[in-house]
Amino acid sequence: MNIALIDVNTARVLGGGFSAQGSRLISALLKRAGHSVKLVFLTKYNPFTYSRAEIEQLHEILKDIDLVMVAVFSTCARLAVQVTDFVHKKYPGMKVIWGGPHCIAAPEFSLRYADGVCFSEGDECVVDFVNKLETGNQDYLKTPNMAFNVNGSPVINKALPPFEDLDSLPFTDYTLEDKFVLNESLSPLTKEKAADYYNTYAFAGQSLFMLTSRGCPHQCSYCNNCRYVSIFDKNHVRFHSVSRFMDELEAYMNYYGFFGGVGFSDDDFFLRPVDQLEEFAERYKKNVGIPFGVAVSPNTYRREKMEILLDAGMIAIEMGVQSASQRVLDEVYNRKVSITKTREVTHQIARYQETNRLAFVLDFIIDNPYEKRKDIIQTYRYLAGLPHKILARVYNLVFFPGTPIYDRAVKDGVIAPYDVMKFRSLDDCYRGNILYQANYETLLVFLAMRYRHRIPRWFTSLLGSYPVRIIASLVPKFIIRRLLLKLLKFHRNIDGKIKLSSRSIKQGKDLSSHFFSRGLIYQMRGNKARAIADFQECIRLNENPEVVEMAKRLVEENTAE
């Protein structure tokens, strides 16, 4: 069967998104079963919409296709709708099947547009479904892990147990054969294009993102992992063996040849036991030997594991804090993590920033309508007390359909039921407008995130003190909102310039952006002197006024330190 697999999850915004591991695995499974697959990446970001003329270019791919499959994140669902509507109108009778996190969390919303969805793991069911469809077997409508729109009514089949033997799966399809990019124009994916799209993460070069396990030990109310828990009746974490995922990693390193780092996308890389981490470290140092980054939970952090990974070449580590209010963690996020434990682990990891040039990133969630101002001020104080080299990132709370916090917010009238066209935009999900908490305390959170290294500790305490907060509460909300928007705009501008474009560098285009991006990477890694040198070179070139202005600010900040 000839299949078009379309990934609408733009790589330029979702960090590491171009790895598209789900789509590439489905492609590999279908190819192993003898089917022909063409994989198209919709990578347009600014603006995050496609014109009719742009979408119609898919005809060059779809004219010889029997089935269309679409990988969908909730934040990108409107693009999936646009593609699906185009297929249904242009090719009457052709089926469009959706899969991905959006379908796992809320299959009933996806069936408003798609002919069918995969609402759980696709390892076994997708090939079974395609084989039946190809032979005309109507039993395809009974395929487990899938749901279908049958004459306007949803038919949701049983769910299979979690897939256990991850090592039996084929390598994800990272080849360039039959891969295409649609960004204004449709073109084949080349090695040069791939190098341009891959995210730099915390490394001085393009980074491959790779998943070596499935599942998460937490059941946070805002995450669609809760959906898997409801399907499987428990948290179910599974691992690729070290030898298996290292075989795959080495194959891709040799195939592309340009990766400067690896980002392991596992929810918690520290879940692996010490002996597996030692096996990984020995082989990684010997056969790969480039910087890598991982995520950790405060609950699984261990000094022994940390030092094994540092010795193997880890230069970046990420940890979720989300809120410094234990009430919010317990009652709103259902996140079974002690904030006291989180503080301890934060300061233990921070010590390695001096000795190992480690980039340490903490994630926080803001704009939560269930937070009180006293909760937000706790997050501010946590941020204000962090060592200066720790990078803090804040994300707006997004009510993803199918999650417990979404159900709660709909029941409480905080949000309207999900509508794909009104869902909070992709940019808003990551750092956009404040909808619920446009107040002085939220403003303090942004100030602490951005300027804590320039503000004396006594002054941060004063800003967060009760008398000052009482006075600030008298300030009109429109003034607070305006100040917040200015801060948000500045952060969006910086985020848009972090990505290092190898194509621009090779062609000598906008070298000022190149030096600005590299300066940010050196700053994150704690190399202040190299960061300042690159920012100054950016200023000297003076090719991009917006970037130059930000470089000047960062030179001042690094010099002041």
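The present account deals with the structure reproduced in this document. (Residues numbered from 1 in each chain as written. Predicted model: local features only at pLDDT ≥ 70, side-chain atom pairs only at ≥ 80, totals over all residues. Heavy atoms only, no water.)

**Side note on the overall build of the protein**
When helices and strands are tallied, the protein shows 25 helices and 17 strands. For the protein, with 561 residues in total, the buried portion stands at 56%. Residue pairs at least 24 apart in sequence account for 74% of intrachain contacts in the protein once pairs closer than 6 positions are excluded. (Helix = DSSP H or I, 4+ residues; strand = E, 2+ residues; numbered from the N terminus. Buried < 20%, exposed > 50% of the residue type's maximum accessible area, 1.4 Å probe, protein only. Contact = heavy atoms within 4.5 Å.)

**Comments concerning the environment of E557**
Among the secondary structure elements, E557 is positioned in helix 25 (residues 545-560). Owing to a relative accessible area of 3%, E557 belongs among the buried residues under this scheme. Distance in space between the C-alpha atoms of E557 and R454 is 7.3 Å, their sequence separation being 103 residues. In this structure E557 touches R450, Y451, H453 and R454, once residues within four positions along its chain are discounted.

**A short note on a nonpolar patch on the surface**
A contiguous nonpolar surface patch, about 330 Å² in accessible area, is contributed by V475, F478, I479 and L483. Of note, L483 is situated in helix 21 (residues 477-498). Assessed through its relative accessible area of 40%, L483 is described here as partly exposed. (Patch = residues over 30% accessible without salt bridge, like charges linked within 9 Å, V, L, I, M, F, W, Y side chains within 5 Å. Areas by Shrake-Rupley, 256 points an atom, 1.4 Å probe, with all protein chains shown as cover. Salt bridge = Lys/Arg side-chain N within 4 Å of Asp/Glu carboxyl O.)

**A few points about the state of the cysteines**
Tallying each qualifying case throughout the model produces 0 disulfides. Left unpaired, C226 is separated from the closest cysteine sulfur, that of C223, by 6.5 Å. (Disulfide = S-S within 2.5 Å.)

**Brief notes about the pairing of strand 6 (residues 146-150)**
As paired strands, strand 5 (residues 116-118) and strand 6 are joined by 3 bridges and run antiparallel to one another. Among the inter-strand pairings, V117 is bridged to a residue of strand 6, identified as A147. Pairing between strand 6 and strand 7 (residues 153-156): 4 bridges, direction antiparallel. Residue pairing for strand 7: V150 is matched across the bridge by S153. Here strand 6 folds back onto strand 7 in antiparallel fashion, the turn holding 2 residues, of which N151 has a positive phi close to 55°. (Pairing = 2+ DSSP bridges.)

**Examining the pairing of strand 9 (residues 185-188)**
Sheet topology note: the strand 8 (residues 179-183)/strand 9 ladder contains 4 bridges and is antiparallel. What sits directly across from N183, in strand 9, is S185. Two successive antiparallel strands, strand 8 and strand 9, enclose a turn made up of 1 residue, where E184 displays a positive phi of approximately 75°.

**Brief notes about the sheet that holds strand 3 (residues 67-71)**
Strand order in this open sheet of 9 strands is 7-6-5-4-3-1-2-8-9, and the pairing throughout is mixed. Of all the strands in the sheet, just strand 7 and strand 9 have a single pairing partner and so form its edges. Within the sheet, the average angular offset between the axes of one strand and its neighbour, ignoring direction, is 20°. By the bridge criterion, 4 bridges tie strand 3 to strand 4 (residues 96-99) in an arrangement that is parallel. (Axes fitted to C-alpha atoms, helices over the stretch in contact; angles between N-to-C directions.)

**So, the packing of aromatic side chains**
Applying the stated criterion to the full structure yields 29 aromatic pairs. For the pair Y228 and F232, a centre-to-centre distance of 5.7 Å together with 25° between the ring planes defines the contact as stacked. Of this pair, Y228 and F232 both sit in helix 9 (residues 225-232), 4 residues apart, roughly one helical turn. Among the aromatic side chains, those forming a connected cluster through ring pairs are F245, F264, F269, F280, Y284 and F292. The ring of Y370 has R408 sitting right over it, with the charged end atom 4.0 Å from the ring centre. The ring centre of Y451 lies 5.5 Å from the NZ or CZ of R450, which sits over that ring. (Phe/Tyr/Trp six-rings, centres within 6.5 Å; stacked < 30°, edge-to-face > 60°. Lys NZ or Arg CZ within 6 Å of the ring centre and 35° of its normal.)

**Some details on a negative patch on the surface**
Among the surface-exposed residues, D275, E278, E279, E282 and E304 lie close enough to one another that they form a single negatively charged patch. Considering each element in turn, the negative patch owes the most residues, 4 residues, to helix 11 (residues 274-287). Mapped onto the elements of the fold, D275 is located in helix 11. Judged by relative accessible area, D275 falls into the exposed class, the value being 52%. (Lys, Arg positive; Asp, Glu negative; His and termini not counted. Charge placed at Lys NZ, Arg CZ, Asp CG, Glu CD.)

**Here we look at helix 10 (residues 242-256)**
With 15 residues, helix 10 ought to run about 21 Å at 1.5 Å a step, and its terminal C-alpha atoms sit 21 Å apart, in line with that. Turning to helix 10, its buried residues are V242, R244, F245, M246, E248, L249, E250, Y252, M253 and Y256. Elements in contact with the buried residues of helix 10: helix 8 (191-197), strand 10 (207-210), strand 13 (261-264) and helix 11. (Expected span 1.5 Å × (residues − 1).)

**Looking at the packing of helix 10 against helix 11**
Two elements in contact, helix 10 and helix 11, have axes separated by 10 Å at closest approach and are oriented at 25°. Put simply, helix 10 runs roughly parallel to helix 11. As helix 10 runs across helix 11, the sense of the crossing is right-handed. On helix 11, the residues that touch V242, S243, F245, M246, D247, L249 and E250 of helix 10 are Q276, E279, F280, R283, Y284 and N287. Looking at the contact of helix 10 with helix 11, its residues break down into 6 nonpolar, 3 polar and 4 charged. (Parallel < 35°, antiparallel > 145°, perpendicular 65-115°, else oblique. Left-handed = near helix turned anticlockwise from the far one by under 90°. Nonpolar A, V, L, I, M, F, W, Y, C, P; charged D, E, K, R; others polar.)

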